[in-house]
Each structure stands twice: as C-alpha cells, then as structure tokens.
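# Analysis of the macromolecular model
Residues per chain, in single letters:
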Amino acid sequence: MIKTYLTFTFIVLFHICLPAQDFTFGSLTPADVKLKRNDLDSFSNAAVLNEYGKAFMVYNDTKGYTELIVEYHVRIKIFNRDGYGRADIVLPTHRDESGERMDVLSEIKAITLNIVDGKVVSLPLDKSQLFREEVSKYLTHTKFTFPGLQDGSIIEYSYRLTSPHIFNFRTWYLQDDIPKVNSLFEALIPGMYNYNVVLRGPFPLDIQDAKLKRGCFRIAGKDIDCSQMTYGMKNIPAFVEEDYMTASSNFKSAIYFELSDIYRLNGSNIKITKEWRDVDRELVTHPDFGGQMKRDNVFKSILPTILAGAPDELAKAKAMYRYIQQHIKWNRYLGKYSENNIKQALEHRSGNIGDINLALIAGLRAAGLDAEAVMLSTRDNGVVNDLHPVLSDFNYVVAKVNIGDDYHLLDASDPFLPFGLLPLRCINGKARVINLKEPSYWIEPKSSQKSTILYALTAELHPDGSLKGQLTTTSNGYTALNKRHELANYNTTEEYIEHIDETHTAFGISGGEIHGITEAEDPLVERYDIDMKLYDGLDAPEIFFNPFFINRVGKNPFNLDERTYPVDMGTAREERVVITVKLPAGYTLKSKPDDYNLALENKGGRYLTQTQLNGDTFTFSQLLALNQATYVPESYFALKEFFSRIIQQEKIDVVLHKAAGE
Amino acid sequence: MKITLTGIAVLTLLSQVVAQSEYPVSDIPVALKSRADAVVRQETIVADMLAPTKVRYEVKQAITVFNKEGEDKARLVIYYNKQTVIKRISGRVFDAGGFQIGKFTQRDFKDESAVNNFSLYEDTRVKYFLPAVTAYPYTVEYAYELELKQNLIIPAWRPDAYWNVAVQHSEYTFTCGESDDIRVNDTNYAGEPVRSNGDGRKSITWNVANLPARRYEPYSPDPETYKITVKVAPVNFSYYKHEGHYSNWEELGKWSYDALLADGLELPEATTQVVRKLVEGLASDKEKAKVLYEYLQRKTRYVSVQIGIGGFKPMAAKEVDRLGYGDCKGLVNYMQALLKVAGIPSYYCIVEAGSAKRNIQSDFASMEQGNHIILCVPLENDTTWLECTSQRLPFGYLGSFTDDRTVWACTPTGGQLLRTPNYPVAASTQHRQAVLVLAEDGTLTGKMETAFAAGQYENHLEIAGSNGAEQIKLLKKAYDVDYIDFRNIDYQKQSGKIPMLVETFEVTLPKYAPENGGQVFLTANIVNRQPNVPAVKDRKLPVYINRGYTDEDQITYVLPDGLNLVSGGWKEEIESRFGKYQATVEQMGNQLRYHRKFVLNEGTFPAEQYTEFSAFINRINMLDNRKAILAN
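Conventions and cut-offs
- Residues numbered from 1 in each chain as written.
- Chains lettered and ligands numbered in written order.
- Predicted model: local features only at pLDDT ≥ 70, side-chain atom pairs only at ≥ 80, totals over all residues.
- Helix = DSSP H or I, 4+ residues; strand = E, 2+ residues; numbered from the N terminus.
- Buried ≥ 20, exposed ≤ 12 C-beta atoms within 10 Å, placed from the backbone.
- Contact = placed C-beta atoms within 7 Å.
- Pairing = 2+ DSSP bridges.
- Nonpolar A, V, L, I, M, F, W, Y, C, P; charged D, E, K, R; others polar.
- Expected span 1.5 Å × (residues − 1).
- Axes fitted to C-alpha atoms, helices over the stretch in contact; angles between N-to-C directions.
- Parallel < 35°, antiparallel > 145°, perpendicular 65-115°, else oblique.
- Left-handed = near helix turned anticlockwise from the far one by under 90°.
- Domains from an automatic or database assignment.
- pLDDT = per-residue confidence, 0-100.
- UniProt positions renumbered as here; feature names shortened; annotations may be inferred.
- Core = buried A, V, L, I, M, F, W, Y, C linked by C-beta atoms within 7 Å.

We now examine the overall build of chain A. Of regular secondary structure, chain A possesses 10 helices and 36 strands. On the principal axes, the C-alpha backbone points of chain A span a range of 105 × 80 × 45 Å. Across the 662 residues in chain A, those meeting the buried criterion constitute 38%. Across chain A, every contact between residues at least 6 apart in sequence was considered, and the portion connecting residues at least 24 apart equals 70%.

So, in structure tokens, the structure goes:
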C-alpha cells in the first residue's frame with residue numbers, strides 16, 4: 001500500500017483570503033450536462049460531478065465549548081437505474097452518552113435537476129419527505145431521497161452540521177464507490193488547535209494550499225487567526241472492493257485529522273496526542289485501561305482455585321486464560337477500554353473486549369506473571385498509523401504474557417481459542433504493546449498456528465465400484481477453531497455426524513467419533529466409517545475413477561482480470577490428503593494422473609500429487625499449501641494460474657484394467 | 001413467642017430456597033432434548049380484549065437454551081409503534097439446576113428503530129434483550145405486557161413456529177365480552193379448544209404439550225401447511241381511529257377500498273392530459289395498458305416509506321406523480337389511477353410474495369395476510385397482471401415473486417379472491433446450444449446461445465440489465481468455469497404471451513480439457529450441472545417441489561484431427577415421478593455431440609419418497625459430471 005503523509009505545520013503567510021470556493025447551488029456547467037456514462041470508467045452507474053466541503057470552528061459561549069461546523073455540498077449525476085441507489089441519502093448524527101452534546105443538522109437543501117427538451121427543470125425536495133429515524137439513543141439518521149429521477153438526472157444537496165466532536169475534525173473522503181470529477185475541502189483551523197493530518201491512498205493531491213486567515217475564531221473576546229488549508233483532487237477513480245482484502249479504509253483516498261494539541265489563551269499547552277510516552281502515561285493511568293490492568297486484588301480470593309496444581313509459569317498462564325475464557329462472555333462489543341470494569345464483568349459474567357482481556361491481564365499479573373496489554377485494530381477497522389500515536393485507530397486489546405524468552409498473545413473472548421492463538425480478526429499489521437512500567441513498543445502479531453487439515457482415507461474398493469473404509473480428518477489452527485464453533489451448535493456428536501453425513505452426499509457415514517472437541521489446544525480429530533460409490537458400473541474391463549474426491553478445489557477462487565490490492569487471507573494454510581485403497585482382485589493400474597509438483601515463487605505455495613500402486617494397494621497423496629498470509633497484487637496471476645493448474649489436474653482420472661482371464 | 005416467630009421465618013426462608021429451583025433442565029423429557037437448540041418450557045399468552053381500542057396482551061414464557069443457535073429463541077424482541085404500547089417487561093435467568101442467577105427489567109433492553117433495510121422510513125421501533133450467560137444450558141424467563149390500541153390485528157399464536165425448538169407446554173387464551181362477535185381460525189391444531197363463560201366475559205383456550213423439535217428439511221412444503229396457527233379476528237374493529245366490521249374477504253375488501261384506497265386515485269390535470277395523449281388512437285385496452293405500464297416504469301421507482309394507518313394506506317397517486325417514487329402500494333395505486341384515466345378498470349391486489357408460493361387463506365379473512373401489492377387488469381378473456389415495482393419485467397409478467405397463488409383484490413364493490421397465473425413446466429424452458437472447437441491444448445472456443453422462457457425468464461434478467469465490468473462479473477458467477485472469457489455478449493427480449501430472453505456470446509475456456517498420458521479428459525456438461533441434494537435420513541415432511549422446469553442443452557464439440565472418443569459414448573435415461581432426465585454422448589465424424597434434457601416436475605410427494613427423490617437428483621449429479629475420455 002502506498003501511503004502519503006502530509007506534515008501539517010503552521011505556515012504564517014500574509015495573504016488576502018480567497019472568496020468562498022463553493023460552486024453555485026443548482027447552476028449546471030456545460031461539462032456537467034455533457035458527462036456520460038463510460039466517460040470516466042466502464043462500470044459506474046453514477047458519478048460525483050463536484051463536491052465541496054468547508055469545516056471551521058466556533059466557540060459557543062452559551063455551551064462553553066468549541067464546536068465544529070461543516071458545510072457540505074455535492075452534485076451527483078445518475079446515469080441509469082442501477083445508479084438510483086445513490087439518490088437515497090442517510091446523514092448520521094451522534095449524541096454522546098450524557099445526551100447533552102449532540103450533532104445538529106440544519107439547512108438541508110436538495111434538488112433534482114432534469115434536462116427536459118434541452119431545458120433544466122429542477123424539483124426541490126419535499127420537506128414532508130425528510131425523515132428522522134432515531135436508530136438508538138446515541139444515533140439519529142436523517143434520510144431522504146430525490147424526487148423525479150430519470151436516467152441522466154443530476155441530484156444536488158447541501159447541509160450544515162454543527163458538532164461538539166472536534167477530535168477528528170472532519171474526515172474528508174476523497175474516494176468513493178463511484179468516480180468523482182472534482183472534490184475540494186477547506187479546513188479552517190484556529191491557531192490554538194493543532195491537528196495531525198494524514199492523507200491515505202495511492203493518489204496525490206492536485207490542490208494543496210495553506211494560508212493564514214486573520215481573526216476567524218473568537219473566544220473570550222479575543223480574535224484568533226486560523227490556518228486555512230485547501231485540499232483538492234480531480235478525476236478520482238471509483239473504489240472497487242475485491243475478495244480477500246482487508247478493510248477498504250486502508251486503501252481508499254481520504255484525509256484524516258486527529259487533534260494533537262490545544263494552546264490555551266493563558267499560554268499553556270494541552271497535549272491531546274503527541275508522543276507515545278505521553279500516550280503511555282495517559283493509558284497507564286486511565287481508569288478504564290491501566291486502572292483495570294492493575295486490579296489484581298480482584299483475583300485475590302479465587303486465585304488459589306484457579307491456579308491449583310499449576311506447576312510453572314506456562315501452566316499458570318494457561319489456567320488463568322482458561323478461567324477468563326469460561327467466566328466472561330463476550331457481549332459482542334469491541335473496544336480497547338473496559339466498559340463495565342473488570343470486577344463487574346467477572347461478577348456479571350459479561351463484558352466487552354476491554355473488560356475480558358484487561359481482566360485477563362490483571363489475572364495474569366495476580367498470578368505473578370509478566371503481562372502486558374496489546375492494543376490493535378481489527379481487520380475490518382483498517383491498519384493503524386505507525387508514524388505517531390492515533391489512539392482512535394485502535395479498537396481492540398489483547399494480552400501478552402512473557403514467559404522466559406517466549407511470549408504468547410491471548411484473547412479470552414472466544415472459549416474455543418487455543419492458548420496463544422489470536423482470532424483472525426486481530427491479525428492486521430502492527431499492534432502496540434502497553435506496559436505498566438516500561439515504554440510502549442510495536443509488535444506485528446501473526447497467527448501462531450498454521451491452519452492445517454489432513455484427510456487420511458484407508459479403504460477397500462469392491463468390483464461394483466463401492467468403496468468402504470475409514471476417513472480420519474485432523475485439523476489445527478483456524479480450521480479446528482471453525483469446526484469447534486460448528487460443533488458447538490449440536491447437542492451431541494451424533495447429531496453433528498448426522499449433519500456431516502447428510503451434507504456430504506458423495507459418501508455415506510455409518511458411524512464415527514470426534515476427539516478434542518473441548519481441548520482447544522489439541523488437534524480436532526474426526527473419524528468416520530464411510531462408504532461411497534467411486535465409479536459407476538459393474539465388472540467392466542476398464543474402470544475410470546477420479547482420485548480427487550476429497551477436498552476438491554473445483555472452482556478458482558481468483559477469477560479477476562486485474563488486481564489492484566494485496567490478496568490477504570490472514571493466515572497460512574496447508575491441506576493434505578492421503579488415500580490408501582486396496583483394489584479388487586485382478587485389476588491393474590492402466591493409467592493415472594502424472595505426479596505433479598507445482599510451486600509458487602518465493603516458497604509462497606506448493607501443490608503436490610502422487611499416485612502409486614504397490615501390489616494391490618493404490619495410494620494417492622496430495623498437498624496444497626499456501627505459505628503466506630498475504631500476497632502482493634503482482635502475485636495475483638500466479639495464484640490464479642496455480643489454482644487453474646490444480647483444477648486441470650483434478651479432472652484426470654485413474655484407469656484400472658482388468659487382467660484377462662480374471 | 002419470639003422463638004416461634006424466628007422458626008416461622010426460617011421455615012419461610014427454607015421454602016423459598018427450595019422454590020427457587022424452578023426450571024431444572026433435568027425436568028425436560030428426553031424426547032424433547034433430541035435435536036433441540038432450545039426448549040420452550042412454559043408459555044402462557046393471554047389476549048384480553050377489553051375494548052376495540054384496548055387489548056391487553058400478556059406473555060409469560062420460560063425457554064431453556066442448549067447452545068449458541070438456541071440463543072435466537074432466548075432473545076426477546078418486541079416490536080412496538082403508536083398502536084402497541086409496552087406496559088412492563090421483566091425477567092429472570094436460571095442455571096442448569098434451575099437456580100436463579102440473574103434478573104433484568106425494561107431498563108436492560110436496547111431500544112432501536114425497526115426500519116427494514118429496504119425501507120427509507122417506517123414508524124416502528126424494537127426493544128430487545130439477550131441475557132449474558134457463559135454456560136449452557138440455561139433458562140430465561142420473561143414476563144411482559146403490551147397494550148394494543150386496536151383490535152384489527154391481534155398477534156396469532158404460533159407455538160411451534162421455530163425450527164429446532166421443542167415445546168414442553170404452551171397455552172393461549174383469548175378473552176372478550178360475552179356479546180363480542182369474534183371469528184376464530186385454527187390451523188393444524190389437534191383437538192378442541194376449551195371454552196368458558198362467566199361474569200359477562202368469555203374465553204377460549206388452546207394448549208399444546210410435548211412437541212419435539214422439528215428441523216428444516218430441504219424440498220419441504222410451506223411451514224404454514226403443518227405448523228400450528230391460531231388466529232382470532234373480532235368482527236367489529238377499530239384501527240388508527242377507523243372503525244369497521246367484517247367477517248369475510250368481501251367485507252374486509254370493501255372496508256379497505258373505502259378507508260384506504262378510494263380517496264387516493266386523483267391525478268393532476270397535466271398528467272391526465274399526458275395519459276390521454278399516450279393512449280390516443282390505440283385500439284385495444286391491452287395496448288393502452290401496455291403503454292401506460294411502460295410510462296409507469298419510466299417515470300417511477302420503488303422507495304419504501306411505511307407510514308399512515310399502520311402502513312396500509314398507499315401514498316396518493318398525485319404524490320407519486322410529483323415525487324416519481326413510491327412503495328408497492330403507492331405504485332400500484334398510481335398505475336390504477338393511470339388506467340382509470342384511460343377508462344380501464346383494475347384491482348388493487350394483496351399477495352404473499354416470495355419465491356415460495358403462498359396463498360391468501362381463502363377460508364379466513366384477516367388484515368395481516370400478504371406482504372406485497374400487485375395490480376390485476378381484468379381485460380376480457382385476457383386478465384393481465386402487473387408488478388409495478390420493477391423497471392425490468394415485461395408488461396403482463398409477474399415472475400416467481402408472485403406467480404401461481406391466491407390473492408385478495410380490493411374493489412369498490414368489495415373484496416374477492418383471485419389466482420395469479422402459473423408458468424407450466426413445459427413452457428418454463430432454458431434452451432442452450434453451443435458449438436465449441438477443441439484445440440490441441442484443451443482450450444474450447446465457440447459460440448453459446450441460451451433462451452430463457454416463462455418461469456425461467458428471470459434467470460439471467462439481472463445480467464442482461466447490467467453492463468461493462470459488472471456484467472462480466474455476473475456472467476462469471478453464472479458460468480463459473482476457470483479462466484472463462486466472454487465476447488460479443490448480447491441479450492434480446494421477446495415479449496408476448498410467453499416472454500423470452502435470449503443470451504448469446506462467444507466464449508473461450510482455456511485448457512478446459514486437460515491431457516494426461518495421451519488421454520484427454522472432457523466433462524461434456526460444462527455449465528448446467530445439477531447440484532446434489534442432502535440425503536436426509538428419517539425424513540418427516542413431504543417432498544415439495546415448488547417450481548418445475550425444462551432444461552435442454554445441446555453442445556457440439558469439434559475435435560482436433562485424429563482424436564477419438566475412447567471411453568465409449570453413452571445414453572442415459574432416468575424416468576421418475578419427479579421428472580425425466582436424458583443425456584447422450586456420441587461421436588459423429590470429428591464431432592462429439594452432447595445432449596441433455598431434464599424435466600423437473602412440480603408438486604407434493606409423500607415423505608417416504610424423499611430417498612427416491614435424492615437418489616434421482618444425486619444420480620443426475622453424477623451423470624452430469626461424467627467425463628468423456630479422448631485419445632489418438
């Protein structure tokens with residue numbers, strides 16, 4: 001991924017301010033009218049013709065705090081019916097927990113512009129068709145859609161948002177799912193506020209300007225100068241989501257702000273976000289973070305029970321991990337901070353990610369272990385900024401326990417996770433380790449176990465084509481985790497086996513057993529007695545059968561003609577098949593798939609098959625390994641070809657020949 | 001004296017401790033635990049109609065949850081709106097032993113708007129709650145009371161509505177004044193309800209006990225046909241300040257027309273003029289209707305806004321005219337208004353839409369039936385049906401969303417039941433023809449043409465309507481073959497009594513037929529392989545095939561010089577009560593010809609024939625994957 005960073009400094013220039021750069025509402029340009037589908041790309045059903053935003057701050061004397069005011073204005077052309085969805089507008093507004101500070105929307109203006117007989121006809125939004133939906137206590141959606149849509153309609157709307165939430169200023173999304181001809185954003189930032197500004201995405205800005213605007217912010221009777229930043233981009237392509245990629249926010253072009261300092265009138269300086277050492281101090285003393293990590297006293301009375309019989313540090317860590325896994329149920333809320341505090345979470349047996357894993361850290365510390373907190377961002381939340389601390393990037397916390405020279409990363413939110421394996425959602429680039437005493441540092445969590453599966457079939461083939469034998473499947477890592485989740489939905493193993501039997505129509509299961517269902521650290525082993533019809537036909541002189549009937553790829557997971565973003569599967573995986581079949585008497589191997597050995601460059605992957613006949617025993621083995629969690633976009637075609645070759649190989653049959661006279 | 005008192009206090013405490021074990025899991029009969037994600041231990045529902053504008057609805061239920069899937073049933077979800085007021089909610093949680101481990105009240109519930117994701121706006125909200133318990137099994141008990149400020153729609157009792165949930169005991173009582181007229185409908189309820197009278201009130205009670213968990217079975221009939229439903233409909237009703245009475249579809253249709261539809265058909269003068277101009281000179285009503293339907297498709301789009309009289313009243317025609325959008329009610333009403341200007345009568349019809357065919361219940365009229373509106377134009381000997389929310393469907397075509405079912409028409413003279421058309425198996429065809437040249441490296445190149453008709457008309461309609469990269473993406477999904485490449489894609493629509501969509505393209509399938517040890521492996525059926533169906537053991541429900549069809553595929557492979565079929569050709573035929581399958585492969589000169597015809601019959605078959613059905617389908621799957629082996 002290409003990331004470009006803008007460093008934002010105060011540039012004091014003595015300029016006369018430019019007039020407002022907004023475009024005129026409802027007044028179309030010839031280019032707007034002329035633009036046609038396919039002018040920008042071959043697939044978009046709508047395009048943004050022009051977009052302008054302006055954000056500035058006003059001190060609200062009555063309320064006693066600074067508010068952010070955003071003026072937003074956009075003009076969109078809708079090429080056809082498939083683009084009509086773009087006319088359904090949802091404007092979210094938030095309210096904080098106290099219910100006092102909330103976003104206020106005003107001056108909503110919307111019109112549809114249609115060209116009828118060469119003339120522009122405008123239809124304004126009917127106010128009765130403006131709906132306010134109170135989604136929850138903290139969130140309201142203001143919704144509307146545009147009247148009189150036709151193919152080629154141009155829709156335009158603007159609004160003003162007054163918000164108490166100044167921390168992230170206003171994120172300006174340059175790139176969207178439809179292309180944009182022009183996008184321009186003006187940010188007026190009073191001299192007393194200092195923001196870190198980051199441009200994400202692969203495209204450079206076309207317009208980037210900083211000026212001084214005198215006296216644009218008034219507080220306590222004083223006028224304060226602002227810096228007037230202008231960011232603009234032209235002809236921004238549509239963002240197209242692809243399979244096997246992490247959060248689109250990692251790749252989409254946008255400008256992000258985060259408040260770093262406030263200079264007060266008395267000359268003092270409040271550092272909001274600055275250096276990791278400031279952040280460390282803040283987190284360590286934060287009542288819902290460090291404050292919870294330190295509460296080892298919560299475990300005082302129960303510690304002997306939890307640790308009973310644990311001989312060493314590793315056993316103690318495992319015992320504590322197991323205890324938290326089984327005693328606090330995840331309430332499906334993420335968060336790096338503790339929501340309820342760990343004592344309550346333990347008592348109520350319920351909590352968010354912060355509650356669970358900070359409780360785990362406190363418990364590990366209570367057990368005398370060296371435990372730290374690891375803040376991270378989940379895969380669908382995007383990667384974190386590693387240049388300077390952006391706390392709001394982090395939405396998750398896990399535990400890191402250091403034992404000897406090793407460390408283990410632990411997330412107790414899922415009772416089926418083995419010790420040391422993080423859920424896939426946590427494998428997302430860099431994470432920051434927060435220690436109660438030492439400075440924080442980066443690590444890059446990886447999944448500690450490969451996802452592997454081994455299918456071993458030992459069977460006997462009968463002349464009528466029926467195959468009877470035993471299939472043993474051994475799974476590890478995420479494969480085992482997923483199977484355990486599935487198993488948990490069945491009250492008995494028998495019901496699960498019945499389900500497997502019914503959904504795998506190629507073979508029948510007459511009995512089976514499963515081991516390691518509750519022992520998350522062990523492999524999950526399934527053993528089934530199976531019978532299947534391998535080929536059709538009776539005592540034919542030549543019989544054809546396909547040995548690729550277990551774990552068949554069948555379809556290529558990579559079928560794009562071009563790929564822009566890395567292929568990210570989160571984890572390496574390995575799948576093996578070993579089939580041993582005793583053939584019916586009198587048959588010999590006439591032909592078989594050639595043994596195959598295919599590798600991806602840089603040991604990225606491997607596919608191997610081998611077929612053999614020893615006496616009357618036929619053996620077939622297959623390995624499919626993808627050794628990397630992430631492949632660069634340039635590897636996409638190699639991956640596509642890799643799977644294509646596998647699919648070709650899978651089409652080849654074994655031919656058995658009946659010896660004459662038998 | 002003091003001593004005695006203490007003694008009593010201790011006794012009371014003891015008895016409370018004993019009483020606390022209320023729902024021990026050990027009390028559940030073994031038969032109810034089988035295949036159950038949850039068990040309804042006890043459910044008592046009382047609907048007490050105190051007045052048409054005041055129905056007290058009380059529920060007490062206890063549910064034992066065995067696993068994560070079962071939590072869906074333990075989650076209490078209550079929808080409410082202006083006419084449904086939540087009076088109280090409380091609950092308790094018990095562990096496996098039946099000991100109380102927690103309790104909760106209304107404050108613990110989350111409150112959110114309940115707007116469907118397809119809707120712009122609806123004025124319904126939802127409160128929901130799920131207790132956090134780490135260990136299964138556990139039991140949750142709820143008690144809540146609602147007040148309905150109307151009596152037109154009283155929630156039906158559906159004790160066995162959920163899959164994989166057993167019911168130990170459930171009971172429903174409806175109470176009203178002795179002189180109140182009510183109509184009652186019970187479906188699949190065995191036995192007679194208990195009736196009792198007294199103090200000027202009358203009650204009817206239904207109850208069920210020990211119903212084992214039922215699981216979903218593939219190819220099974222509409223659950224309404226075998227699950228228990230009890231509905232009560234008062235004859236005199238009040239709804240959003242409207243009063244009325246009905247005891248059949250005719251009367252309810254009359255009320256609906258008068259209260260909801262009659263005043264919304266007016267159009268602005270300008271549009272009236274447009275309509276007159278459009279139909280001017282057209283000879284038949286059918287031609288006029290077609291022109292107006294196409295006008296509707298051009299001018300409007302579907303936007304769902306559910307407000308006004310419980311979401312039953314359509315947006316007025318003049319509003320739709322001005323805004324250019326509406327929901328199914330608004331758009332049907334608008335179409336009706338357009339036709340009215342042209343002097344063509346039409347009926348506003350309520351239908352239960354969805355791919356599964358469901359009828360409006362002919363023997364019991366009630367307002368909550370149906371979920372969609374379509375328009376019926378009763379042309380002489382040529383009744384025409386219009387789906388007014390689609391811009392793609394041809395005039396007079398309903399498609400699988402509303403075909404072949406009983407619908408309820410609201411007309412000025414009253415309600416009536418009508419039936420939408422069915423697309424017969426023989427007419428619902430997918431006919432494919434291709435000539436493909438096989439190259440030395442196994443690549444196939446050629447032209448493919450597929451015609452989709454009647455019930456199969458919609459198969460590739462979305463692909464036909466898209467273009468550019470999006471179209472290629474959809475095509476790759478429909479023809480999921482490795483490295484497939486399409487060129488000169490074209491779609492032609494043929495309207496008429498039976499609409500048809502013809503798809504043509506040139507196609508390349510690189511290395512489709514690989515060579516190994518001098519043999520070339522070619523799976524003759526490339527794109528129409530029948531998927532397997534699960535081989536369900538111990539089938540309980542009848543086999544139901546919702547929609548039959550006829551598929552025919554004819555592929556000619558032109559072979560390179562010297563390459564011949566060595567595995568032998570084949571001719572397979574399977575006849576069964578479920579349909580007919582034929583497939584042949586034969587070599588003729590340098591051509592390999594593949595022909596496949598598959599007719600799937602629709603209908604209902606007894607449960608014990610499921611094995612035969614799955615064997616039939618899975619045998620077809622096997623034959624569809626059969627390879628022709630070629631060699632020099």
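Along chain B, the regular secondary structure elements total 11 helices and 38 strands. For the C-alpha atoms alone, the extent of chain B along its principal axes is close to 115 × 70 × 40 Å. The buried share among the 632 residues of chain B stands at 37%. The contacts in chain B between residues at least 6 apart in sequence include a share of 72% that link residues at least 24 apart.

Moving on, we come to the pairing of strand 2 (residues 54–65) of chain B. All names here are of chain B. Across 12 bridges, strand 1 (residues 38–51) lies against strand 2 in antiparallel orientation. For A47, the partnering residue across the bridge sits in strand 2 and is Y57. Bridge count between strand 2 and strand 9 (residues 138–148): 11 bridges; the pairing is antiparallel. Pairing of V59 across the sheet is with Y144, part of strand 9.

Between chain B and chain A, the residue contacts involve 47 residues of the former and 47 residues of the latter. Looking at the side of chain B that touches chain A, the elements that each hand over two or more residues are strand 6 (110–113), strand 7 (119–122), helix 7 (317–323), helix 10 (468–478), strand 30 (519–523), helix 11 (610–624) and strand 38 (627–631) of chain B. The biggest single contributor to the side of chain B that touches chain A is helix 10 of chain B, with 4 residues. A breakdown of the residues in the side of chain B that touches chain A according to their chemical character gives 18 nonpolar, 14 polar and 15 charged.

For the rest of this paragraph, the subject is helix 5 (residues 313–327) of chain A. Residues and elements named next belong to chain A. For helix 5, which comprises 15 residues, the first-to-last C-alpha distance of 21 Å matches the rise-based estimate of 21 Å (1.5 Å per residue) to within 8%. Considered for burial, the residues of helix 5 that qualify are K316, A317, M320, Y321, Y323, I324, Q325 and H327. On its buried face, helix 5 is in contact with helix 4 (303–307), helix 6 (342–348), helix 7 (353–366), strand 20 (396–403) and strand 21 (406–410).

Turning our eyes to something else, we now look at the sheet that holds strand 11 (residues 180–190) of chain A. All names here are of chain A. Here 8 strands make up an open sheet; going across it, the order is 6-5-9-3-2-11-14-13 and the pairing mixed. Here the strands that pair on one side only, and so sit at the sheet edges, are strand 6 (119–124) and strand 13 (207–219). Taking the axes of each pair of neighbouring strands and ignoring which way they run, one obtains an average angle of 15 degrees across the sheet. As paired strands, strand 5 (residues 104–116) and strand 6 are joined by 6 bridges and run antiparallel to one another. From the neighbouring strand, V116 faces strand 6, where its bridge partner is K119.

Successive residues of a regular strand alternate their side chains across the two faces of the sheet. All names here are of chain B. Of the pairings in the sheet, the one linking strand 25 (residues 429–438) to strand 32 (residues 549–558) comprises 9 bridges and is parallel in character. By the bridge assignment for strand 32, H431 is matched with E552. When strand 32 meets strand 36 (residues 591–600), the two strands line up antiparallel, connected through 10 bridges. In the strand pairing of strand 36, T550 is matched with V599.

Residues and elements named next belong to chain B. The geometry of helix 6 (residues 285–299) relative to helix 8 (residues 328–341) is characterised by a closest axis approach of 10 Å and an angle of 140 degrees between their N-to-C directions. One way to sum up the angle between helix 6 and helix 8 is to call them oblique. Of the two elements, helix 6 crosses helix 8, and the hand of that crossing is right-handed. Along its contact with helix 6, which presents A289, L292, Y293, Y295 and L296, the element helix 8 presents Y334, M335, L338 and L339.

The next point concerns the domain arrangement of chain A. A common way to express how large an interface is: the accessible area buried when the components associate. Residue and element names in this part refer to chain A. Domain annotation for chain A reports domain 1 (3–25 + 42–271), domain 2 (276–443) and domain 3 (451–658). Each of domain 2 and domain 3 has a C-alpha centre, and the two are 38 Å apart. With 8 residues of domain 2 at the contact, the number on the domain 3 side is 10 residues. Here the residues of the side of domain 2 that touches domain 3 sort into 7 nonpolar, no polar and 1 charged.

The next subject is the sheet that holds strand 26 (residues 507–515) of chain A. Residue and element names in this part refer to chain A. Spatial ordering of the open sheet is given by 26-27-25-24-30-34-33-32, a layout of 8 strands whose pairing is mixed. Because the sheet does not close on itself, it has two edges, and the strands there are strand 26 and strand 32 (596–600). Shown here is a sheet whose adjacent strand axes are inclined to one another by a mean of 10 degrees, direction ignored. Pairing geometry for strand 24 (residues 451–461) and strand 25 (residues 466–476), over 10 bridges, is antiparallel. Bridge pairing links L457 to L471 in strand 25.

Close inspection of predicted coordinates is inappropriate in any region flagged by low pLDDT. Residues and elements named next belong to chain B. In the predicted model, chain B carries a mean pLDDT of 91, and the fraction of residues at 70 or more is 96%. Below pLDDT 50 for its whole length, residues 1–19 participates in 0 contacts with residues either more than four positions away or in separate chains. In the predicted assembly, ipTM is 0.83 and pTM is 0.86.

Time to look at the domain arrangement of chain B. Residues and elements named next belong to chain B. As assigned here, chain B comprises domain 1 (19–242), domain 2 (247–419) and domain 3 (429–631). Taking only C-alpha atoms, the centre of domain 1 and the centre of domain 2 are 35 Å apart. Contacts between domain 1 and domain 2 engage 19 residues on the former and 16 residues on the latter. Sorting the residues of the side of domain 1 that touches domain 2 by element identifies strand 7, strand 11 (182–187) and strand 14 (229–234) as the ones contributing at least two each. Examining the composition of the side of domain 1 that touches domain 2, we find that 4 residues originate from one element, strand 7, more than from any other. Among the residues making up the side of domain 1 that touches domain 2, the classes are represented as 9 nonpolar, 4 polar and 6 charged.

With that settled, consider the UniProt feature "domain: Transglutaminase-like" (unreviewed entry) in chain A. Using the residue numbers shown here, the UniProt feature "domain: Transglutaminase-like" (unreviewed entry) corresponds to residues 305–390 of chain A. The span residues 305–390 of chain A shows a helical share of 45% and a strand share of 13%, and its end C-alpha atoms are spaced 40 Å apart.

In this section: the nonpolar core. V332(B), M335(B), L338(B), Y348(B), C349(B), I374(B) and L375(B) are the most contacted members of the largest nonpolar core, which has 64 residues in total. It is helix 8 of chain B that provides the largest number of residues to this core, a total of 9 residues. In contact with Y348(B), other than residues within four places in its own chain, are L261(B), V332(B), N333(B), Q336(B), I373(B), L375(B), A409(B) and C410(B). Grouped together as the second largest cluster of nonpolar side chains are 55 residues, L346(A), I361(A), A367(A) and V383(A) included.

Residue and element names in this part refer to chain B. Between helix 5 (residues 269–279) and helix 6, the shortest axis-to-axis distance is 9 Å and the interhelical angle comes to 130 degrees. Taken as axis vectors, helix 5 and helix 6 run oblique relative to one another. For helix 5 against helix 6, the interelement crossing comes out right-handed. Judged by residue contacts, V275, L278 and V279 of helix 5 engage K288, V291, L292 and Y295 from helix 6. Taken together, the residues of the contact of helix 5 with helix 6 break down into 6 nonpolar, no polar and 1 charged.

With that out of the way, let us pick up unusual backbone geometry. The phi dihedral of R332(A) falls on the positive side, at around 75 degrees, and the residue is not glycine. One can find R332(A) in the loop between strand 17 (329–330) and helix 6. On the neighbour-count criterion, R332(A) (10 C-beta atoms within 10 Å) is exposed. Notably, Y483(B) is not glycine yet its phi reads approximately 60 degrees, a positive angle. Mapped onto the fold, Y483(B) is located in the loop between helix 10 and strand 27 (485–494).

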